[in-house]
Amino acid sequence: MADLPPPRTPGEYRIALVCLGNICRSPMAHVVLAERVAEAGLADRVTLTSSGTGGWHVGNPMDDRAAATLTHAGYDASRHRARRFEPAWLDELDLALAMDRQNLADLADLADPVSGRRERVRLFRDFDPQEPGGEVPDPYYGGSDGFEEVLTMVERTAASLVDRLALVLAGHRADPPGSRSR
Ligand code: 4NP
């Protein structure tokens, strides 16, 4: 599984969660990860945003199906308003996490002209402990099952990501368990 890049500023970590429209996947990941970060006592050290590579939905709340799935699972989906990802953010972020490979390719294109930016662009599910390296599939054109599937992936990956954040913010490298020789 992937390592977290070291923070640009020791003791702080800034993550952007990025999908296409910023009304389904990255907002769901944002709400769930924010909850896990708060539970871990890291809310004052971890900054989270979510955004889309496309701008069609800017200013809109979350997709009703995404919001219903989160609400049913006990999360607050009401505060989200869609934003478009801005390339300049890549100079300040510690990590931009793409939901699928197209989002990753779009972010990589934005990152590439400036050295040092590309290594902070990853797939969100690089940190999935169960199936690392997969995509969070776009549920927009499907049924409610797709949103449940997104929530399951996001909850599992967010828990693992927060464990790594706790380590890297404590000044350790966030190596995966068992990766070091004994
Ligand atoms: P998201 O889903 O990228 O997870 O927010 C989508 C939302 C809107 C569209 C596509 C995907 N759209 O084409 O409008």
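Each value, and the rule that gives it
- Residues numbered from 1 in each chain as written.
- Predicted model: local features only at pLDDT ≥ 70, side-chain atom pairs only at ≥ 80, totals over all residues.
- Heavy atoms only, no water.
- Near = heavy atom within 4 Å.
- Polar contact = N/O pair within 3.5 Å; in protein donor to acceptor, adjacent residues only side chain to side chain.
- Areas by Shrake-Rupley, 256 points an atom, 1.4 Å probe, with all protein chains shown as cover.
- Nonpolar A, V, L, I, M, F, W, Y, C, P; charged D, E, K, R; others polar.
- UniProt positions renumbered as here; feature names shortened; annotations may be inferred.
- Helix = DSSP H or I, 4+ residues; strand = E, 2+ residues; numbered from the N terminus.
- Contact = heavy atoms within 4.5 Å.
- Buried < 20%, exposed > 50% of the residue type's maximum accessible area, 1.4 Å probe, protein only.
- Disulfide = S-S within 2.5 Å.
- Phe/Tyr/Trp six-rings, centres within 6.5 Å; stacked < 30°, edge-to-face > 60°.

Let's shift gears to the site of the ligand. Close to the ligand lie Cys19, Leu20, Gly21, Asn22, Ile23, Cys24, Arg25, His57, Asp138, Tyr140 and Tyr141, which account for all nearby residues. At a separation of 3.2 Å, an oxygen atom of the ligand approaches a polar backbone atom of Asn22. Here an oxygen atom of the ligand and a backbone polar atom of Ile23 are 3.0 Å apart. If the ligand stood free it would expose 350 Å²; the protein chains cover 92% of that surface. A class-by-class count of the residues in the shell around the ligand yields six nonpolar, three polar and two charged.

In this section: the UniProt feature "active site" (unreviewed entry) in the protein chain. According to UniProt, the positions carrying the feature "active site" (unreviewed entry) are Cys19, Arg25 and Asp138. Taken together, the annotated residues stretch across 120 residues yet fold into one region, lying no more than 8.6 Å apart by C-alpha. Topologically, Cys19 is positioned in strand E1 (residues 13-19). For Cys19, the residues in contact, after removing those within four places along its chain, are Arg25, Ser26, Pro27, Ser51, Gly52, Thr53, Met99 and Asn103. Summarising the element assignment, Arg25 is placed in helix H1 (residues 25-39). In this structure Arg25 comes out as buried when scored by relative accessible area, which is 2%. Apart from the residues within four sequence positions on either side, Arg25 is in contact with Cys19, Leu20, Met99, Asp100, Asn103, Val136, Pro137, Asp138, Pro139 and Val150.

This brings us to the state of the cysteines. If you walk through the whole model with that rule in mind, you get zero disulfides. Distance from the sulfur of Cys24, which forms no disulfide, to the nearest cysteine sulfur (Cys19) is 7.0 Å.

Here we come to the packing of aromatic side chains. Counted under the stated rule, the structure contains two aromatic pairs. Taken together, a centroid distance of 5.3 Å and an interplanar angle of 80° make the contact between Phe85 and Trp89 edge-to-face. Exposure class is identical for Phe85 and Trp89. Each is buried. Between Tyr140 and Tyr141, the ring centres sit 4.9 Å apart and the planes meet at 80°, which makes this aromatic pair edge-to-face.

Our focus in this paragraph is the side chain of Asp94. In this structure, Asp94 sits in the loop between helix H2 (64-72) and strand E3 (95-98). For Asp94, the side chain forms a polar contact with the main-chain nitrogen of Arg8, separated by 2.6 Å. Here Asp94 is in contact with Pro5, Pro6, Pro7, Arg8, Glu12, Tyr13, Arg14 and Arg120, once residues within four sequence places are set aside.

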